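Listed here are the chains, written in short residue letters.
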There are 2 protein chains.
Amino acid sequence: MKSIRSLLTLLTVALVSQTLYAQDPLPSWNDGPAKQAILAFVKEVIDKSDPKYVAPEERIATFDQDGTLWVEHPMYTQAMYCLERVPTLVEKKPELKKVEPFTTVLSGNREAMAKLTMKDLEKILAATLTGMSVDEFSAEAKKWLATAKHPRWERLYTDLVYQPMLEVMQYLRANEFKTYIVTGGGQDFVRVYAEKVYGIPPEQVVGTAGATKYGYEKDGKPFLTKEPKLLLNDNDAGKPEGIHLMIGRRPHAAFGNSTGDRQMLEYTAAGDGARLSMIVLHDDAKREYAYGPAQGLPDTKVGTFTQALYDEAKKDGWFVISMKNDWKLIFPFELGK
Amino acid sequence: MKSIRSLLTLLTVALVSQTLYAQDPLPSWNDGPAKQAILAFVKEVIDKSDPKYVAPEERIATFDQDGTLWVEHPMYTQAMYCLERVPTLVEKKPELKKVEPFTTVLSGNREAMAKLTMKDLEKILAATLTGMSVDEFSAEAKKWLATAKHPRWERLYTDLVYQPMLEVMQYLRANEFKTYIVTGGGQDFVRVYAEKVYGIPPEQVVGTAGATKYGYEKDGKPFLTKEPKLLLNDNDAGKPEGIHLMIGRRPHAAFGNSTGDRQMLEYTAAGDGARLSMIVLHDDAKREYAYGPAQGLPDTKVGTFTQALYDEAKKDGWFVISMKNDWKLIFPFELGK
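Asks: Any chance you could break down the overall build of chain A for me, citing the residues and the numbers?
Replies: What chain A contains, in helices and strands, is 14 helices and seven strands. Taken over C-alpha atoms, the radius of gyration comes to 22 Å for chain A, in line with the 20 Å a tight globule of 337 residues would show. Summarising its shape, the C-alpha atoms of chain A cover approximately 65 × 60 × 45 Å along the three principal directions. Taken across its 337 residues, chain A has 52% of its residues classed as buried. Sequence separation of at least 24 residues holds for 65% of the intrachain contacts in chain A that already meet a minimum separation of 6.

Structure follows, in structure tokens:
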């Protein structure tokens, strides 16, 4: 009897949540222009009698990652990974211990680290992201992501994804969209967790990508090595270029949060049929962060939402998502609280 | 009454063919080791109790195109396209009329054209495949493919696909595989017809790819221009490298026909779980062509199936598909004859 009752309870819960979902596919969004824009867009896309109808095979949606799908402050997660890999790297190659910028990173002196140049960072990226097989890299990144924690929330980085954006991705997929990540971050890094965290398979992750080199192990088994040679810088104009390379279709919806997403948002908005370009404004210092000149705040090194971007958004009919006003909650772990 | 009877007939035909298909998913294949290898592979992949079971999300199959999915003799179709584009190109840029190799191509002198060097061909490729927007290129290629005909069969090139391979692709997709084309041919060229001809969408076409450049039209509308800069040479080692870049997973099945596919076939065969690597041997001079040293025939410029490739196939457990012995028919237009 007990098991039948449990089953009935489960069924009821399932039915109720399904009904709730059917009523509101975006439950973590406050009612407002951003939410209405998403709902109106999907309505146009799927309505065959609407002149803006989009055939299912053309339903492509692209999402920037850092600052659009998960927290990018105080530093990009992948940059954190690279810095934290340096001690392990130096264990394997002790000669690097006395070589800059590795000496500074090993010192742990934050003030000195903040002064590292772009060229220093490139050296750290090349040393920690290349020179190993693609399988070794995946295994290392996976291991780090399972334990490393964000300094503010003391939670895994993969816990710090935005629940409202997960709902948008699910809603679009439920309406036959293929969802892609199009990130300035490393393609191989994001592929490690994108399926589990966002429901996006590796083949739908477009990112900054280096070359690989085919070779053979001693036993003749073939493998690919990650090379320090850039193939695709998936930022700015590199985003539509990367979309053409990897997808070959112009997206109908795109989501970003910084000047690095500008061209992707323009390219998406400029096509025929229903189009949706949206940018996330980080204006919630309490629940997340507030930054960017559009906020009347000083520019920061990451996630630059400039006044010019804000103006273009208004001019081109993109929608600005205010974290503070549009989102009921930020992270999945706040659900049911 | 007549329309009801027609409907009933249609329904009966549909049911019968569905039943036949269920009985034999590869009706254009003769019973033999190649057909049995495909059936045995799929059986392992989908059987959860089999140690070689493959989870649906990992079911990736890759197909070379020229010589594997369609005719590559007497010349790659895309090379034919480039040569036939030269007159139109010269109309727009008359200064090229007196410049080699364009003068030779315009002359129509086959003997002189056969002597063109690799460098000459590269100039023709760059001039006919780049310098226009990606949309212009697609429109031009589409127009050509709708009218240009193969000299031997006097049929559209897209009619000259191999029916037995279409059946393999359908059979794999029916078993939750994602099918990809991985071709040395131009990615943008193949994308123009892959969905219609093979049921493969643009985002599942991996090919030799050039860079594009983002820019704006006079009215501010953004577009992408095809640049004469090679990003991915999708031949030889470039095939597994391209697969990593574009798909990010090792395929479980791969199909090729030449030394340019060797590394893809090796890479596929070397992974865990069920694996299938197959090569098409062109040994049917009557119904298609016979070429390659493995045939005891002189080497040709295209589709080289060398003795070394044949030996590696035997050693590594790849399966050789004999067009002559394994295929009941070659082209879709022979069906029902």
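Asks: How would you summarise the interface of chain A and chain B if you had to cite specific residues and measurements?
Replies: In this complex, chain A contributes 38 residues to the contact, which on the side of chain B involves 38 residues. Summed over the three residues of chain A that lose the most area to chain B, namely E203(A), Y214(A) and L245(A), the buried surface amounts to 20% of that side. Scanning the region where chain A abuts chain B turns up six salt bridges. For E195(B), the salt bridge goes to R249(A), with nearest N and O atoms at 3.3 Å. Counting only elements with at least two residues in the side of chain A that touches chain B, the list comes to α7 (134-145), β2 (178-186), α9 (187-191), β3 (205-216), β4 (222-232), α11 (238-246) and α12 (262-269) of chain A. Across the side of chain A that touches chain B, the residue classes break down as 18 nonpolar, six polar and 14 charged.

Asks: Pulling in residues and values, what's your account of the relation of the copies chain A and chain B?
Replies: Between the two copies of the chain lies a relationship made up of a rotation around an axis and a movement along it. Each copy superposes on the other: chain A lies on chain B with an RMSD of 0.0 Å after a rotation of 180° and an axial shift of 0.0 Å. One copy is carried onto the other by what is essentially a two-fold rotation axis. Proximity to the rotation axis, assessed at the C-alpha, singles out M246(A) in chain A; its C-alpha lies 3.1 Å from the axis. Of the interface residues in chain A, 100% have counterparts in chain B that sit at the interface too, so the contact is made through matching surfaces.

Asks: Let's hear about the sheet that holds strand β6 (residues 276-281) of chain B: which residues, and what values?
Replies: All names here are of chain B. A sheet is described by the order of its strands in space; here seven strands give the open sequence β4-β3-β2-β1-β5-β6-β7, paired in mixed fashion. Bordering the open sheet on either side are β4 (222-232) and β7 (319-322), each of which pairs with just one other strand. Each adjacent strand pair in this sheet contributes to an overall mean axis angle of 35°, direction not counted. Summarising the sheet, strand β1 (residues 60-63) and strand β2 (residues 178-186) pair through four bridges and their orientation is parallel. Note on β2: the bridge partner recorded for I60 is K178.

Asks: Quick one: what's the story with the packing of helix α3 (residues 77-92) of chain A against α7(A), residue by residue and with numbers?
Replies: Residues and elements named next belong to chain A. Where α3 meets α7, the axes come as close as 11 Å, and the angle between the chain directions of the two elements is 115°. Here α3 is positioned roughly perpendicular relative to α7, judged by the angle of their axes. In this structure, the crossing between α3 and α7 has a hand that is right-handed. Only F137, E140, A141 and W144 of α7 make contact with α3, whose side of the interface consists of T77, M80, Y81, E84, R85 and K92.

Asks: Just give me the short version of the sheet that holds β2(A), but keep the residues and values in it.
Replies: Reading across from one edge, β4-β3-β2-β1-β5-β6-β7 (chain A) is the order of the seven strands in this open sheet, with mixed pairing throughout. Here the strands that pair on one side only, and so sit at the sheet edges, are β4 and β7 (319-322) of chain A. Taken over all neighbouring pairs, the strand axes of this sheet differ in orientation by 35° on average, direction set aside. Against the sheet, helix α2 (residues 33-46) of chain A touches β5 (253-256), β6 (276-281) and β7 of chain A, its axis set at about 155° to β6(A). This element, helix α11 (residues 262-269) of chain B, spans β3 and β4 of chain A of the sheet and lies at about 95° to β3(A).

Asks: Give me the packing of aromatic side chains: which residues, what numbers.
Replies: In this description, a pair of aromatic rings is defined by centroid distance and the angle of the planes. Residues and elements named next belong to chain A. On inspection of all chains with the given rule, the structure shows 36 aromatic pairs over all chains. Relative to W327, the ring of W29 has its centre 5.9 Å away and its plane inclined at 75°; by these criteria the two rings are edge-to-face. Of this pair, W29 sits in the loop between α1 (2-23) and α2 while W327 is found in the segment after α14 (323-326), placing the two residues 298 residues apart along the sequence. Classification of W29 as buried rests on a relative accessible area of 0%.

Asks: Residues and numbers for the environment of T103(B), please.
Replies: Residues and elements named next belong to chain B. Mapping T103 onto the fold places it in helix α4 (residues 102-107). Taking relative accessible area as the criterion, T103 reaches 31% and is therefore assigned partly exposed. Along the primary structure T103 and M113 are separated by ten residues, whereas in three dimensions their C-alpha atoms are 10.0 Å apart. Leaving out residues up to four positions away in the same chain, T103 has contacts with K97 and K98. Side-chain polar atoms of T103 contact the backbone oxygen of K97, separated by 3.0 Å.

Asks: Give me the lowdown on helix α6 (residues 118-129) of chain B, citing residues and values where you can.
Replies: All names here are of chain B. End to end, α6 covers 16 Å across twelve residues, agreeing with the expected 16 Å (1.5 Å per residue, within 8%). Within the sequence span of α6, burial applies to D120, I124, A127, T128 and L129. The inward-facing, buried residues of α6 contact α3 (77-92), α4, α7 (134-145) and β4. Once α6 finishes, G131 follows within two positions and takes phi at roughly 85°, a positive value.

Asks: Help me get a handle on the pairing of β2(B), residues and values and all.
Replies: Successive residues of a regular strand alternate their side chains across the two faces of the sheet. All names here are of chain B. Within β2, seven of the nine residues are buried, which leaves the element mostly enclosed by the surrounding structure. Bridge count between β2 and strand β3 (residues 205-216): four bridges; the pairing is parallel. Each residue of the ladder has a partner; that of V182, found in β3, is V206.

Asks: Got a sec to walk through the nonpolar core? Specific residues and values, please.
Replies: The biggest cluster of nonpolar side chains holds 69 residues, and the ones touching the most others in it are W29(B), F41(B), F63(B), L172(B), Y198(B), F255(B) and W327(B). Sort the elements by how many residues they give to this core and α3(B) lands first, with seven residues. Each residue touching W327(B), except ones within four places of it in the same chain, is listed here: S28(B), W29(B), N30(B), Y162(B), P164(B), M165(B), V280(B), R287(B), I321(B) and S322(B). Grouped together as the second largest cluster of nonpolar side chains are 67 residues, L26(A), V86(A), Y198(A) and I330(A) included.

Asks: Residue-level account of the packing of α11(A) against helix α9 (residues 187-198) of chain B, with values.
Replies: A pair of packed helices is captured by two measures, namely the crossing angle of their axes and the spacing between those axes. In the contact formed by α11(A) and α9(B), the axes pass within 10 Å of each other and the chain directions differ by 60°. In terms of orientation, α11(A) and α9(B) fall into the oblique class. In this structure, α11(A) contributes H244(A), L245(A) and M246(A) to the contact, and α9(B) contributes Q187(B), D188(B) and R191(B). Looking at the contact of α11(A) with α9(B) residue by residue, the classes come out as two nonpolar, two polar and two charged.

Asks: Lay out a negative patch on the surface in plain terms, naming residues and giving numbers.
Replies: A cluster of acidic residues, D135(A), E136(A), E217(A) and D219(A), forms a negative patch on the protein surface. Of note, E217(A) is situated in the loop between β3 and β4.

Cut-off values and rules
Throughout, a residue's number is its position along its own chain's written sequence, starting from 1. Following the order in which they are written, the chains are lettered starting with A and the ligands numbered starting with 1. The predicted origin of the model limits local features to residues at a pLDDT of at least 70 and limits the giving and counting of side-chain atom pairs to 80 or more, whereas totals for whole chains, interfaces and linings rest on all residues. Think of the side-chain values as coming from all heavy atoms in the structure, minus any hydrogens and water. Helix numbers and strand numbers start at the N terminus; a helix is a DSSP run of H or I with at least 4 residues, a strand a run of E with at least 2. The globule rule used here is 2.2 Å times the number of residues to the 0.38 power, and the radius of gyration it is set against is calculated over C-alpha atoms. Burial status follows relative accessibility: with a 1.4 Å probe on protein chains alone, a residue under 20% of its type maximum counts as buried, one over 50% as exposed, and anything between as partly exposed. The contact rule is simple, with two residues in contact once any of their heavy atoms fall within 4.5 Å. By convention, the term buried area covers the 1.4 Å-probe accessible surface removed from two parts as they join, with the contributions of both added. Put simply, a salt bridge is a Lys or Arg side-chain nitrogen that is within 4 Å of an Asp or Glu carboxyl oxygen. Lys, Arg, Asp and Glu make up the charged group, whereas Ala, Val, Leu, Ile, Met, Phe, Trp, Tyr, Cys and Pro make up the nonpolar group; the residues left over, Gly among them, are polar. Least squares is used to superpose the copies, and the fit set is the C-alpha atoms of residues whose pLDDT is at least 70 in both copies. The pairing criterion for strands is at least two bridges between them, as found by DSSP. Axis definition: a line fitted to C-alpha atoms, over the contacting stretch in the case of helices. Angles run 0 to 180 degrees between N-to-C directions. Throughout this description, any angle smaller than 35 degrees is read as roughly parallel, any larger than 145 degrees as roughly antiparallel, any in the 65 to 115 degree range as roughly perpendicular, and the remainder as oblique. For any pair of crossing helices, the crossing counts as left-handed if the nearer helix is rotated counterclockwise from the farther one by less than a right angle, and right-handed if it is rotated clockwise. To pair, rings of Phe, Tyr and Trp, with the six-membered ring standing in for Trp, must have centres within 6.5 Å; the planes then decide the type, stacked if under 30 degrees apart, edge-to-face if over 60, and tilted in the middle. Pairs of N or O atoms are called polar contacts if they sit within 3.5 Å, as long as, within protein, a hydrogen donor faces a hydrogen acceptor (for residues adjacent in sequence, only side-chain-to-side-chain pairs). A helix is expected to span 1.5 Å for every residue after the first. Only buried Ala, Val, Leu, Ile, Met, Phe, Trp, Tyr and Cys residues count toward a nonpolar core, and they belong to the same one when joined by side-chain atoms within 4.5 Å. To count toward a patch, a residue needs a relative accessible area over 30% and no salt bridge; like charges are then connected within 9 Å, while nonpolar side chains (Val, Leu, Ile, Met, Phe, Trp, Tyr) are connected within 5 Å. Methods summary: accessible areas were calculated by the Shrake-Rupley approach with a probe of 1.4 Å, and residue burial reflects only the protein chains presented. Charge assignment: positive for Lys and Arg, negative for Asp and Glu; neither His nor the chain ends contribute. Where a charge lies is defined by one atom per residue type: Lys uses NZ, Arg uses CZ, Asp uses CG and Glu uses CD.

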